[in-house]
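# Structure assessment
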Amino acid sequence: MKRQKSQALWDRASELMPLGVNSNFRYWGDDATLYVQRAEGAYLWDVDGNRYIDYRLAFGPIILGHAYPAVNARVREALDSGVLFAMTSEAEVRVAERIVALCPGVEKVRLVNSGTEATMHALRVARAYTGREKILKFEGQYHGFHDYLMFSTYGDPSAYGSRRSPIPAPMTSGIPRCLHDLILSVPYNDFELLEQTLRHTWHDVAAIIVEPILGNCAGIEPLPGFLAFIREQCTRYGIVFILDEVKSGFRIARGGAQEVYDIVPDLATYAKALGNGYPVAALGGKREIMDTIGRGVSQGGTFCGNGVGVAAADATLELLQTQPILETVAERGRKLQAGLRSIFGQAGIQANVHGHPAMFSFSIGIHNPADQRAWARSDRDYYLRLMAALYERGIMPDYDPREPWFLCYSHSDADIDATLNAMEDVLREVKR
Ligand code: PMP
């Protein structure tokens, strides 16, 4: 595939922007960073004109398809009425009504602009509500770029210490040392360790924040009963249960992980699929907790409830509410998962396909990883080589094995077949 134009853009951009990109995750190397021309439906074209079937979908937001006509039409209408007022529009109220109708645990909601903002505000609300300061998170879970939760997210688990006494490992320079004292991190899906940790610390813990499916660690799912166990522990100790549905929300079901796993959190955070790619996000939850906002708890922002994001959310949620979109996405995802299992089986490669059909991945050389420590023993080198070979055939999941494959409504059966055919070829060509 041609790469000359991407390379020329990287040469220009790297003089002007750190790593030549506007978000670290978009940098793939000095001679491997692609630049995009456009995207439509399930396809994306890079600046050299190469076309890909897109399974990155912007890290998950695109649930309908790129440049989806019904969403774009609603956004265009909104543009002509102005998009930012420092006042509240009826469309914002309508989006709040839709979110409350769809999400079992959400009685009240505030709109923000990104997942990072949503989790940051959720932490403040939980701390204010409980009068406690510590936050418990799980290893391998990512909740945005703010300082409070960038511990033990996508790092090498060898930095996390012993499983019995995990060390919350900061993922970047620049995080104040004092924030280290406010974080507890434990491996996911470990009932006993969670119980033990809380037995000793509960009186300091404001919130447990959970990515229900590890959307930043290959789509690992909760073990049966684990989310219910977190719910029970939170209720027992008066801890706020924050379900981070930034990746799972409006993707794995209309009511997200709350619906799929039959769980009612105290607070939930949304972004990504809420606006099919436009900047809009939300935090919501129990009335009593959300009502602390404005009564001693600050929350707001110039762009919160902006007309563009809100119009996109209004159109996206209306479609999800009225059409069997997520059922179709899941059906295609199941077909892709089944096809991959069968191809790996025929090739004699031990590969574990895990996650929800709308966001899943596979790990090579290990069985049923339940947490990031177990997953890190998978053959990630081989995964990278497979992805490089898929790109050459116009199939684009993320190259990073932590990032799931995302499906959208615009992926057709023919796209799934083309992907499986490409994978068959690739497994013949790229040996472990
Ligand atoms: N929470 C989760 C679970 C996420 O996956 C992400 C982003 N990948 C975030 C929060 C942060 O969202 P954003 O990038 O919109 O700030």
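Below: a short report on this structure. Residue numbers restart at each chain and count upward from 1, following the sequence in its written direction. For this predicted model, a pLDDT threshold of at least 70 governs which residues receive local features, and a threshold of 80 or more governs which side-chain atom pairs are given and counted, while totals over whole chains, interfaces and linings are taken from all residues. Values shown for side chains rest on all heavy atoms present in the structure; no hydrogens or waters enter the calculation.

## Section: the site of the ligand
Around the ligand, the structure places Ser 114, Gly 115, Thr 116, Tyr 142, His 143, Gly 144, Glu 211, Asn 216, Asp 244, Val 246, Lys 247 and Lys 272. Polar contact is defined as a pair of N or O atoms within 3.5 Å, subject to the rule that within protein one atom must be able to donate a hydrogen and the other to accept it, and that residues adjacent in sequence are counted only when both atoms are side-chain atoms. Here an oxygen atom of the ligand and a side-chain polar atom of Thr 116 are 2.5 Å apart. One of the side-chain N or O atoms of Asp 244 is found 2.7 Å from a nitrogen atom in the ligand. A total of 390 Å² of accessible area belongs to the ligand in isolation, and the protein chains cover 84% of it. The nearness test applies per residue and asks whether one of its heavy atoms lies within 4 Å of the molecule or strand. Residue-level accessible areas treat just the shown protein chains as cover; the underlying method is Shrake-Rupley with a 1.4 Å probe.

## Notes on the layout of surface pockets
Definitions used throughout: a 1 Å grid over protein atoms alone; a cavity as a set of points that fits a 1.4 Å probe which cannot get out; a pocket as an open set with protein on both sides within 12 Å along at least five of seven lines; a lining residue as one with an atom within 4 Å of a point. Grid points are joined across faces, edges and corners, and a volume is the space filled by probe spheres set on the points. Considering only enclosed or pocket space, the second largest pocket measures out at about 380 Å³ in volume. Lining the second largest pocket are 20 residues, and of these Thr 88, Glu 92, Leu 111, Cys 304 and Gly 305 sit closest to its centre. Elements that contribute at least two residues to the lining of the second largest pocket include exactly helix H3 (90-102) and strand E4 (108-112). Amino acids outside the nonpolar list (Ala, Val, Leu, Ile, Met, Phe, Trp, Tyr, Cys, Pro) and the charged list (Asp, Glu, Lys, Arg) are all regarded as polar, and Gly is one of them. A breakdown of the residues in the lining of the second largest pocket according to their chemical character gives 10 nonpolar, eight polar and two charged. Counting from the N terminus, the helices are DSSP H or I runs at least four residues long and the strands are E runs at least two residues long.

## Here's the deal with the environment of Leu 102
Within the fold, Leu 102 resides in helix H3. When its relative accessible area of 11% is taken as the criterion, Leu 102 is described as buried. Between the C-alpha atoms of Leu 102 and Gln 321, which are 219 residues apart in sequence, the distance is 7.9 Å. Here, residues are in contact when the closest pair of their heavy atoms is within 4.5 Å. Not counting the four nearest positions on each side in its chain, Leu 102 is found in contact with Phe 250, Arg 254, Gly 255, Leu 317 and Gln 321. Type-normalised accessible area, obtained with a 1.4 Å probe on protein chains alone, sets the label of each residue: buried when under 20%, exposed when over 50%, and partly exposed for intermediate values.

## Considering the sheet that holds strand E3 (residues 51-54)
For two strands to pair, DSSP has to find at least two bridges joining them. Pairing within the open sheet is mixed, and its four strands lie in the order E1-E2-E3-E13. Because the sheet does not close on itself, it has two edges, and the strands there are strand E1 (36-40) and strand E13 (395-396). Bridge count between strand E2 (residues 43-46) and E3: three bridges; the pairing is antiparallel. The partner of Tyr 43 across the bridge, within E3, is Ile 53.

## A word on the pattern of salt bridges
When a carboxyl oxygen of Asp or Glu is within 4 Å of a side-chain nitrogen of Lys or Arg, the pair counts as a salt bridge. The final tally for this structure, using the stated rule, is 24 salt bridges. With its nearest N and O atoms 2.9 Å apart, the salt bridge here joins Asp 371 to Arg 163. With Asp 371 in the loop between strand E12 (359-364) and helix H12 (372-375) and Arg 163 in the loop between strand E5 (134-138) and helix H5 (177-180), the pair connects residues that are 208 residues apart, well separated along the chain. Given a relative accessible area of 5%, Asp 371 falls into the buried group. Between Arg 393 and Glu 429 there is a salt bridge, with its nearest N and O atoms 2.7 Å apart. In this pair, Arg 393 sits in the loop between helix H13 (380-392) and E13 while Glu 429 sits in helix H14 (residues 413-429), placing the two residues 36 residues apart along the sequence. Looking at Arg 393, the relative accessible area reads 31%, which means it is partly exposed. Each member of the salt-bridge network shares a partner with another, and the members are Arg 74, Arg 94, Arg 98, Asp 314 and Glu 318.

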